[in-house]
Amino acid sequence: MHLDAKIPSGPIEKKWDTRRFELKLVNPANKRKYRVIVVGTGLAGGSAAATLAELGYHVDAFCFQDSPRRAHSIAAQGGINAAKNYQGDGDSIYRLFYDTVKGGDFRSREANVYRLAQVSVEIIDQCVAQGVPFAREYGGTLDNRSFGGAQVSRTFYARGQTGQQLLIGCYQALERQVDAGRVRMYPRTEMLDVVVIDGHAKGIVTRDLVTGKLQRHYADAVVLATGGYGNVFYLSTNAKNCNVTAAFRAYRRGALFANPCFTQIHPTCIPVSGDYQSKLTLMSESLRNDGRIWVPAKKGDQRAPGQIPEPERDYYLERKYPSFGNLAPRDIASRAAKEACDDGRGIGPGGLGVYLDFADAIQRLGEDEVRSRYGNLFHMYEKITGENPYKVPMRIYPAVHYTMGGLWVDYHLQSTIPGLFVLGEANFSDHGANRLGASALMQGLADGYFVIPYTLGDYLAGQKAGKADTTHAAFAEVENEVRARLQRLLDVNGSRSVDSFHRELGKLMWEECGMARDAAGLQRALDRIPALREEFWGDVRVPGDSADFNQELEKAGRVADFMEFAELMCLDALTRDESCGGHFRTEHQTDDGEAVRDDANFTHVSAWEYKGYGERPVEQREPLVFENVKLAVRSYK
């Protein structure tokens, strides 16, 4: 299979303008003839649905929450990047492009990243026009703060609830189209498969999560914006219901899955407190602007933090990375925290924690100013831990947060199934091997507001509207497969809960394919996962039936997909015999613990082709060409 990324020719700063002119158009009268399915209504899906409907297309939008307002995008607290250079501190579109390519450890596609930086400036204007209450300086201009991996202030924010405020703006635009009759919303509805007719994506099969009814939905194109797969680790910062099912079912229908091993560990999460937990809580990276990270300098020092004097503290990020300090990129900051804890200098239960200390900031700025910047985050931390971060340092530890891998897409955001487009975290395209903070919101809104309206039109211009409908034999075949799969889960009637299997899989993945990986551990996981999968299908207990509200059945279907996806993820990690970004192979590191890339053999995207249940997938490669950024050792020192 040849992977054609459809990257435009010419200078990188002209590629997107050139392509927009080259794309075929659908005239306004004809747009009303086409129907588009959008799965997922977070920032990527919600902005896409609203914008496509505004243009005149009929849109069917699906989410498994009771409202688009509950999409996981609300959990992105810290901010959104844009190259506005309001601070006059040297930022530019090119610098944002460069920082993002470097932050991804040179494993992303240049053209996509430059376009992301280019449209970032438009995103802020769009959101301000929608009424998003970004923080402002005294003079009334929008404020910015710094984030990891950058030496400029380019992150726009709304206190510690930026994702929520952006989603409200997006939601208002979406509901306007619902009221106009151009968007039909399907809440509490889960996509369970893609329908492919004559090689093109033409619909989906869904399950109503309240009634259990299976439904067929036809469209002229399908857009997936269903987020990432971090919950394969069981414990992550993702909402409990986040899953891989939509993307994985598309993979099984012929969409290639790219770089699944590229997962991000976030350095500022509240540490695990017990086996009873089903998820972890993220403390926004924005806290690293004013908080200083440290551990005791001596091993085993369990004194209260206030009793440890300054000379006996190790501000290890400031020591190791003086140019970036506490704003080192997430992968580097996470590994540094693990290194300190592995050295016996961790704090809290089990020694799995480090301090994030605001004493200096409170002394420098005053408690009122710190409260105005981070008050809701401090309140959340105190509610969870019972500790007042204005008085004692926060305790944090790395945890699974974001996934850079996803379905392979070309420059048009189209997968290897024509007519199936993939946006936001569900695709692989922009972040390489590590995402810089405040870039997830940027990508989701760029894809939905400013890219898919152009590229989807180019595809639809070559398609006859309403060429088939839900009576087509392909819909019946897919629906029968979905029904049989659900019934198979119910028929097992075993002795173990769905969560017990998910927890065991997650622990295995964290130990063998988590923050640090090696060939032996990955092979152990690859040996264990098929056996665990067979145990799951032989002993899982799913009570109830499919024709009703049944959350255990929902979970079982998602965990069954994780059982297969985990094997793909470990295979990809084993095949990529280098360290890069969040993919840290312990065999490939410098003497002081920095990642060592292998540009001669791995400057490519690994895109995996499904070959059947239990069969080894086939790796396809898209070479990455760097013409505008010179490949270099990634250093933040």
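Data block above holds the structure.
Right, let's walk through the structure included here.

The rules we used
- Residues numbered from 1 in each chain as written.
- Predicted model: local features only at pLDDT ≥ 70, side-chain atom pairs only at ≥ 80, totals over all residues.
- Heavy atoms only, no water.
- Helix = DSSP H or I, 4+ residues; strand = E, 2+ residues; numbered from the N terminus.
- Buried < 20%, exposed > 50% of the residue type's maximum accessible area, 1.4 Å probe, protein only.
- Lys, Arg positive; Asp, Glu negative; His and termini not counted.
- Salt bridge = Lys/Arg side-chain N within 4 Å of Asp/Glu carboxyl O.
- Contact = heavy atoms within 4.5 Å.
- Pairing = 2+ DSSP bridges.
- Axes fitted to C-alpha atoms, helices over the stretch in contact; angles between N-to-C directions.
- Expected span 1.5 Å × (residues − 1).
- Polar contact = N/O pair within 3.5 Å; in protein donor to acceptor, adjacent residues only side chain to side chain.
- Parallel < 35°, antiparallel > 145°, perpendicular 65-115°, else oblique.
- Left-handed = near helix turned anticlockwise from the far one by under 90°.
- Phe/Tyr/Trp six-rings, centres within 6.5 Å; stacked < 30°, edge-to-face > 60°.
- Lys NZ or Arg CZ within 6 Å of the ring centre and 35° of its normal.

Moving on, we come to the side chain of Arg-145. If you trace the backbone, Arg-145 turns up in the loop between helix H5 (110–129) and strand S4 (155–156). For the buried residue Arg-145, which engages in no salt bridge, the nearest side chain bearing the opposite charge is Asp-290, 6.9 Å off. Ignoring sequence-local partners within four residues, the contact set of Arg-145 consists of Gln-77, Gly-78, Ser-153, Arg-154, Thr-155, Tyr-157, Arg-159, Ser-286, Asn-289, Arg-373 and Tyr-374.

Turning our attention to the sheet that holds strand S6 (residues 189–197). If you walk across this open sheet you meet the three strands as S6-S7-S8, and the pairing is antiparallel. In this open sheet, the two edge strands, each paired with only one partner strand, are S6 and strand S8 (214–218). Here the average twist between neighbouring strands, direction ignored, is 25°. Across eight bridges, S6 lies against strand S7 (residues 200–208) in antiparallel orientation. Its bridge partner being in S7, Glu-190 is matched across the sheet by Arg-207.

A separate point is the pairing of S6. Most of S6 is tucked away: eight of the nine residues are buried. Counting the residues between successive antiparallel strands, the hairpin from S6 to S7 contains two residues, one of them, Asp-198, with a positive phi of roughly 55°.

For helix H15 (residues 519–539), with 21 residues, the first-to-last C-alpha span of 30 Å sits near the 30 Å given by 1.5 Å per residue. Of all the residues in H15, the buried ones are Gly-521, Leu-522, Ala-525, Leu-526, Ile-529, Leu-532, Arg-533, Phe-536 and Trp-537. Looking at the packing, one finds that the buried side of H15 touches helix H13 (473–492), helix H14 (498–513) and helix H16 (551–575). N-cap assignment for H15: the residue whose side-chain oxygen lies 3.2 Å from the backbone N of Ala-520 is Asp-518.

Before going further, it helps to spend a moment on the packing of helix H3 (residues 43–55) against helix H12 (residues 440–460). Between H3 and H12, the shortest axis-to-axis distance is 8 Å and the interhelical angle comes to 30°. Put simply, H3 runs roughly parallel to H12. Seen along the crossing, H3 lies across H12 with a hand that is right-handed. Each of Leu-43, Ala-44, Ser-47, Ala-48, Thr-51, Leu-52 and Leu-55 in H3 lies in contact with H12, whose residues at this interface are Leu-441, Gly-444, Leu-445, Gly-448, Tyr-449, Ile-452, Pro-453 and Leu-456.

Evaluated as defined, the whole model comprises 28 aromatic pairs. For the pair Phe-358 and Phe-378, a centre-to-centre distance of 4.9 Å together with 70° between the ring planes defines the contact as edge-to-face. Placement of the pair is Phe-358 in the loop between strand S14 (354–357) and helix H10 (359–365) and Phe-378 in helix H11 (residues 367–385), with a sequence separation of 20 residues. On the basis of relative accessible area, Phe-358 is assigned to the buried category, the value being 1%. Between the aromatic rings of Phe-501 and Phe-536, the centroid separation amounts to 5.4 Å while the plane-to-plane angle is 85°, which identifies the pairing as edge-to-face. With Phe-501 in helix H14 and Phe-536 in helix H15, the pair connects residues that are 35 residues apart, well separated along the chain. You can call Phe-501 buried: its relative accessible area is 0%. The structure contains a cluster of three or more aromatic residues connected by ring pairs, namely Tyr-229, Phe-248, Tyr-251, Phe-257, Phe-565 and Tyr-610. Positioned above the aromatic ring of Trp-16, the side-chain terminus of Arg-115 is 4.8 Å from the ring centre.

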